[in-house]
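# Summary of the model geometry
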Amino acid sequence: DPNSPPGSNLTPGGNIAHWSETDFINTFRTGKTPEGKELIAKFMPWKAISNYPDDHLAAIYQYLKSLPKKETGYK
């Protein structure tokens, strides 16, 4: 979609490097990042993801934190 915002850097090179597991889970429960940015449901289906159990969200968080740090991309 040419109208979509740029994708976030989901590696440890982006803002997730500063998030705790609790921050990550709360982001998907509330639709708001620890920095106060609101997730746009059209581009990030956070409302559906908010129904995932905590252990599933924790596993996603751990996976993203295990990725190689990427310096390029949007934070």
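Report on the accompanying structure. What you see is a predicted model; the values in this text were computed from it and never measured. Once a new chain begins, its residue numbering starts again from 1 and follows that chain's sequence as written. Under the rules for a predicted model, residues below a pLDDT of 70 receive no local features and side-chain atom pairs below 80 are neither given nor counted, while totals for whole chains, interfaces and linings still include all residues. In computing side-chain values, all of the structure's heavy atoms are included and hydrogens and water are not.

### Looking at the side chain of asparagine 9
Basically, it comes down to this: Runs of H or I in DSSP of at least four residues are treated as helices and runs of E of at least two as strands, each being numbered from the N terminus. Burial classes follow relative accessibility: with a 1.4 Å probe on protein chains only, a residue under 20% of its type's maximum area counts as buried, one over 50% as exposed, and anything between as partly exposed. Contacts described as polar in this section are N or O atom pairs within 3.5 Å, which, within protein, must combine one atom able to donate a hydrogen with one able to accept it, while residues neighboring in sequence count only if both atoms come from side chains.
Tracing the backbone through its elements, the reader meets asparagine 9 in the segment before helix H1 (21-30). Residue asparagine 9 is classed as buried on the basis of its relative accessible area of 7%. A polar side-chain atom of asparagine 9 sits 2.7 Å from a polar atom in the side chain of threonine 11. Here the side chain of asparagine 9 touches lysine 70 through a polar contact of 2.6 Å, landing on its backbone oxygen.

### Some thoughts on the packing of aromatic side chains
Keep this limit in mind: Geometry of aromatic contacts follows a simple scheme: Phe, Tyr and Trp rings, the Trp one being its six-membered ring, pair when their centres are within 6.5 Å, and the pair is stacked under 30 degrees between planes, edge-to-face over 60, tilted otherwise.
Within the structure shown, the criterion is met by three aromatic pairs. Ring centres of tryptophan 19 and phenylalanine 24 lie 6.5 Å apart, and the angle between their planes is 50°; on these two criteria the pair is classed as tilted. Take tryptophan 19 and phenylalanine 24: they sit in the same class, and that class is buried. Within the aromatic cluster, the residues linked to one another by ring pairs are Trp19, Phe24, Phe28 and Tyr61.

### Regarding the layout of surface pockets
Inclusion rule: We place a 1 Å grid over just the protein atoms. Points where a 1.4 Å probe fits but has no way out form a cavity, open points with protein on both sides within 12 Å along at least 5 of 7 lines form a pocket, and any residue with an atom within 4 Å of a point lines it. Grid points are joined across faces, edges and corners, and a volume is the space filled by probe spheres set on the points.
Its boundaries defined by the atoms lining it, the largest pocket holds a volume of some 580 Å³. Taken together, 26 residues make up the lining of the largest pocket; nearest its centre are Ser8, Leu10, Lys37, Leu39 and Met44. Mapped onto the lining of the largest pocket, the elements with two or more residues apiece are H1 and helix H3 (54-66).

### Regarding H1
Formally: For this quantity, the arc is that covered by the directions from the helix axis to the C-beta atoms. By definition in these notes, contact holds between two residues if any of their heavy atoms fall within 4.5 Å.
Among all positions of H1, only Phe24, Ile25, Thr27 and Phe28 are buried. Each buried residue of H1 sits inside an arc of 150° when the element is viewed along its axis, so together they form one side. Next to the buried residues of H1 lie helix H2 (46-49) and H3. Positive phi shows up at glycine 31, right after H1, with a value of about 80°.

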